[in-house]
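Here are the chains, one letter per residue:
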Amino acid sequence: MGHWLHQNIVEPGKLPLFLALTAFVLTFAVTRFITRMIRAGKGPFRNITPGGMHIHHVVPGVVLSVVGGFGAVASGADGVSAGVCAVVFGTGAGLVLDEFALILHLDDVYWTEEGRQSVEVVVLTASLVLLVLAGFSPLGVEDLSGDQQQGRLGVVLTYAANFGCVLVALFKGKARMAVIGTLVPFVAVIAAVRLARPASPWARRLYRRRHRARARSILRAYHHDVRWAGPRRRFQDLIGGAPDRTPLPGPPRS
């Protein structure tokens with residue numbers, strides 16, 4: 001294990017990134033454990049409410065991210081200070097992205113359906129960093145030979161083609177595949193050539209008079225959601241906890 005870590009993480013200079021990812025995942029896991037204990041009323045954990053104001057953990061997360069980020073820039077890529085700053089930054093990023101939905105909606109939606117977006121962003125972020133650690137680099141340029149890397153035109157065309165596919169995937173309403181496609185080019189290509197999601201800007205503009213394409217898009221999206229919505233929700237509930245269920249409105253009381 002030590003030899004593998006040294007050969008694949010330390011020698012290529014990926015140790016700060018590895019430490020940041022480890023701190024990020026552990027911080028998210030510990031934070032979700034504590035918030036779930038607070039929600040259940042178990043253990044010694046309580047919300048921080050000085051003067052009656054609830055301090056969300058995104059606040060110390062922003063501070064740690066700023067300190068770790070600027071510290072990493074100032075310390076360089078090597079040395080103990082770089083590793084310490086990576087851990088500080090990863091911890092702050094874990095706290096911030098755990099409340100991503102709060103920042104997005106500017107409302108305390110932590111235990112609501114909208115709060116699931118925080119779990120999605122954390123999982124997507126961790127997956128992308130893992131891809132980078134595994135050797136993927138943006139747009140697949142690492143696959144080019146030495147002669148190809150010397151040809152700047154080929155590299156520029158590679159960047160442009162994959163960037164175009166990523167943009168098309170975004171307009172087709174496939175944000176997850178677009179983000180992953182920045183690191184794994186064929187994912188963006190697949191997203192770009194397949195039918196758009198029915199509510200996407202691409203479908204609203206280009207499928208407006210193509211009734212057959214719109215019908216196929218709706219049908220494909222329906223089958224996809226039926227197949228994957230359940231497993232995705234169970235996975236999110238396992239990681240972040242199930243959101244509060246909104247009670248159905250009852251009959252009006254006189």
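See the structure printed just above.
Residues numbered from 1 in each chain as written. Predicted model: local features only at pLDDT ≥ 70, side-chain atom pairs only at ≥ 80, totals over all residues. Heavy atoms only, no water.

### A few points about the nonpolar core
In terms of nonpolar packing, the biggest core is built from 10 residues, these being Ile9, Leu21, Phe24, Phe28, Ala93, Leu97, Val122, Ala126, Val129 and Leu133. For this core, the elements supplying multiple residues, two or more each, are helix 2 (15–40), helix 4 (80–98) and helix 6 (116–133). By residue number, the principal contributor to this core is helix 6, which donates four residues. In contact with Val129, not counting residues within four places along its chain, are Leu17 and Leu21. The next biggest cluster of nonpolar side chains, apart from the first, holds seven residues, and it includes Val166, Ala169, Ala178 and Ala188. (Core = buried A, V, L, I, M, F, W, Y, C linked by side-chain atoms within 4.5 Å. Buried < 20%, exposed > 50% of the residue type's maximum accessible area, 1.4 Å probe, protein only. Helix = DSSP H or I, 4+ residues; strand = E, 2+ residues; numbered from the N terminus. Contact = heavy atoms within 4.5 Å.)

### Concerning the side chain of Ser217
With respect to the secondary-structure elements, Ser217 resides in helix 12 (residues 211–240). A residue is classified by how much of its surface remains accessible, and Ser217, at 2% relative accessible area, is buried. In contact with Ser217, not counting residues within four places along its chain, are Leu195, Ala196, Arg197, Pro198 and Tyr207.

### Brief notes about helix 2
Taking 1.5 Å per residue as the helical rise, helix 2 with its 26 residues ought to reach 38 Å, and the 37 Å between its terminal C-alpha atoms agrees with that figure. Packed against the buried residues of helix 2 are helix 4, helix 6 and helix 12. Remark: Gly41 follows helix 2 within two positions and exhibits a positive phi of approximately 70°. (Expected span 1.5 Å × (residues − 1).)

### Overview of the pattern of salt bridges
As enumerated under the stated definition, the model contains six salt bridges in all. A salt bridge links Glu113 to Arg116, with the nearest nitrogen and oxygen atoms 3.0 Å apart. Accessibility expressed as a relative area gives 8% for Arg116, which makes it buried. For Arg176, the salt bridge goes to Glu120, with nearest N and O atoms at 3.0 Å. Separated by 56 residues along the polypeptide, Arg176 in helix 9 (residues 175–181) and Glu120 in helix 6 bring together distant segments of the chain. Judged by its relative accessible area of 28%, Glu120 is partly exposed. By sharing partners, the salt bridges in this structure join Glu113, Arg116, Arg233 and Asp237 into a single network. (Salt bridge = Lys/Arg side-chain N within 4 Å of Asp/Glu carboxyl O.)

### Some thoughts on the packing of aromatic side chains
Scanning the entire structure with this criterion turns up two aromatic pairs. With a centroid separation of 6.4 Å and an interplanar angle of 80°, the aromatic rings of Phe33 and Phe45 are classed as edge-to-face. Highlighted residues: Phe33 in helix 2 and Phe45 in the loop between helix 2 and helix 3 (58–75), separated in sequence by 12 residues. Measuring from centroid to centroid gives 5.0 Å for Tyr110 and Trp111, while their planes differ by 85°, and the two rings are edge-to-face. Each member of the pair, Tyr110 as well as Trp111, carries the same accessibility label: buried. Positioned above the aromatic ring of Trp202 is the side chain of Lys172, whose terminal nitrogen or guanidinium carbon lies 4.9 Å from the ring centre. (Phe/Tyr/Trp six-rings, centres within 6.5 Å; stacked < 30°, edge-to-face > 60°. Lys NZ or Arg CZ within 6 Å of the ring centre and 35° of its normal.)

### Quick word on a nonpolar patch on the surface
Together, Phe163, Leu167, Leu170 and Phe171 make up a nonpolar patch on the protein surface, roughly 390 Å² of accessible area in all. Tracing the backbone shows Leu170 in helix 8 (residues 152–171). When its relative accessible area of 42% is taken as the criterion, Leu170 is described as partly exposed. (Patch = residues over 30% accessible without salt bridge, like charges linked within 9 Å, V, L, I, M, F, W, Y side chains within 5 Å. Areas by Shrake-Rupley, 256 points an atom, 1.4 Å probe, with all protein chains shown as cover.)

### Focus: helix 6
The end-to-end C-alpha separation of helix 6 is 26 Å, in line with the 26 Å expected for 18 residues at 1.5 Å each. Of the residues making up helix 6, those classed as buried are Arg116, Ser118, Val119, Val122, Ala126, Leu128, Val129, Leu131 and Leu133.

### Focus: the packing of helix 2 against helix 12
Between helix 2 and helix 12, the least distance of the axes is 9 Å, while the angle of their chain directions is 85°. Judged by the inter-axis angle, helix 2 sits roughly perpendicular to helix 12. Taken together, the residues of helix 12 that come into contact with helix 2 (itself represented by Phe28, Arg32 and Arg36) are Asp237, Leu238, Ile239 and Gly240. The residue inventory of the contact of helix 2 with helix 12, partitioned by class, reads three nonpolar, one polar and three charged. (Axes fitted to C-alpha atoms, helices over the stretch in contact; angles between N-to-C directions. Parallel < 35°, antiparallel > 145°, perpendicular 65-115°, else oblique. Nonpolar A, V, L, I, M, F, W, Y, C, P; charged D, E, K, R; others polar.)

### Here's the deal with the environment of Pro198
By the secondary structure assignment, Pro198 is in the loop between helix 10 (185–193) and helix 11 (201–206). Remark: the alpha-carbon pair of Pro198 and Ala215, spanning 17 residues in sequence, is separated by 8.6 Å. What Pro198 contacts, discounting residues up to four positions off in sequence, is Ala203, Arg214, Ser217, Ile218 and Ala221.

It is worth stressing that arrangement in space is one thing and function is another; only the former is reported here.
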